[in-house]
Amino acid sequence: MNQAIPTHRVRLFGRTVVHAFSTRHGGVSSGAFASLNLSARVGDLPELVVENRRRLLESLELRLEDTVALLQVHGNRVVEATGGDRGRGVVENAPLPEQ
């Protein structure tokens, strides 16, 4: 487990869901994005954002390739992520298709 990134974990529904809060410490971004910037939509270098995401997930004992990132919106639609979506939105900004 990566101790460089402090996280606060809450396990829900047994081991099915890991819900975590991170701080801004332990990443590779600099300047206004220092240090653990996880957003690829604010002007940070994409390769740094991917590395920050990889580090955070590693600290949670998860793999970048197995996760899915969604763009959160406030509305009444639910988007279902399946195994075929693994890695989507985490290493590139490709949102899940409209459902």
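Refer to the structure printed above.
Keep in mind that this is a model prediction, so the values were computed, not measured. (Residues numbered from 1 in each chain as written. Predicted model: local features only at pLDDT ≥ 70, side-chain atom pairs only at ≥ 80, totals over all residues. Heavy atoms only, no water.)

J.: Help me understand the overall build of the protein, please; the structure alone is not making it clear to me.
T.: For the protein, the helix and strand inventory stands at one helix and two strands. Reading the protein from its N end, one meets helices and strands in the order β-β-α. For the protein, restricting intrachain contacts to residue pairs at least 6 apart in sequence, the fraction spanning at least 24 positions comes to 27%. Here the protein displays about 6900 Å² of accessible surface, and carbon together with sulfur accounts for 55% of that area. (Helix = DSSP H or I, 4+ residues; strand = E, 2+ residues; numbered from the N terminus. Contact = heavy atoms within 4.5 Å. Areas by Shrake-Rupley, 256 points an atom, 1.4 Å probe, with all protein chains shown as cover.)

J.: Help me out: how do you make sense of the side chain of S59 in this one?
T.: Mapped onto the secondary structure, S59 falls in helix α1 (residues 46-59). By relative accessible area, which is 1% here, S59 ends up buried. A distance of 2.6 Å separates a polar atom in the side chain of S59 from the backbone oxygen of L56. (Buried < 20%, exposed > 50% of the residue type's maximum accessible area, 1.4 Å probe, protein only. Polar contact = N/O pair within 3.5 Å; in protein donor to acceptor, adjacent residues only side chain to side chain.)

J.: What is the right way to look at the environment of R55 in this model?
T.: Relative to the helices and strands, R55 is located in helix α1. Accessibility expressed as a relative area gives 26% for R55, which makes it partly exposed. Sequence separation between R55 and V28 is 27 residues, and the spatial gap between their C-alpha atoms is 9.3 Å.

J.: Explanation requested: unusual backbone geometry in the structure shown.
T.: With the exception of glycine, most residues fall at negative phi, and the peptide bonds are largely trans. Here the residue pair A34 and S35 is connected by a cis peptide bond, since its omega of -5 degrees sits within 30 degrees of zero. Position of S35 among the secondary structure elements: in the loop between β2 (17-22) and α1. One non-glycine residue with positive phi stands out, namely E61, at about 60 degrees. Along the chain, the position of E61 falls in the segment after α1. Owing to a relative accessible area of 54%, E61 belongs among the exposed residues under this scheme.

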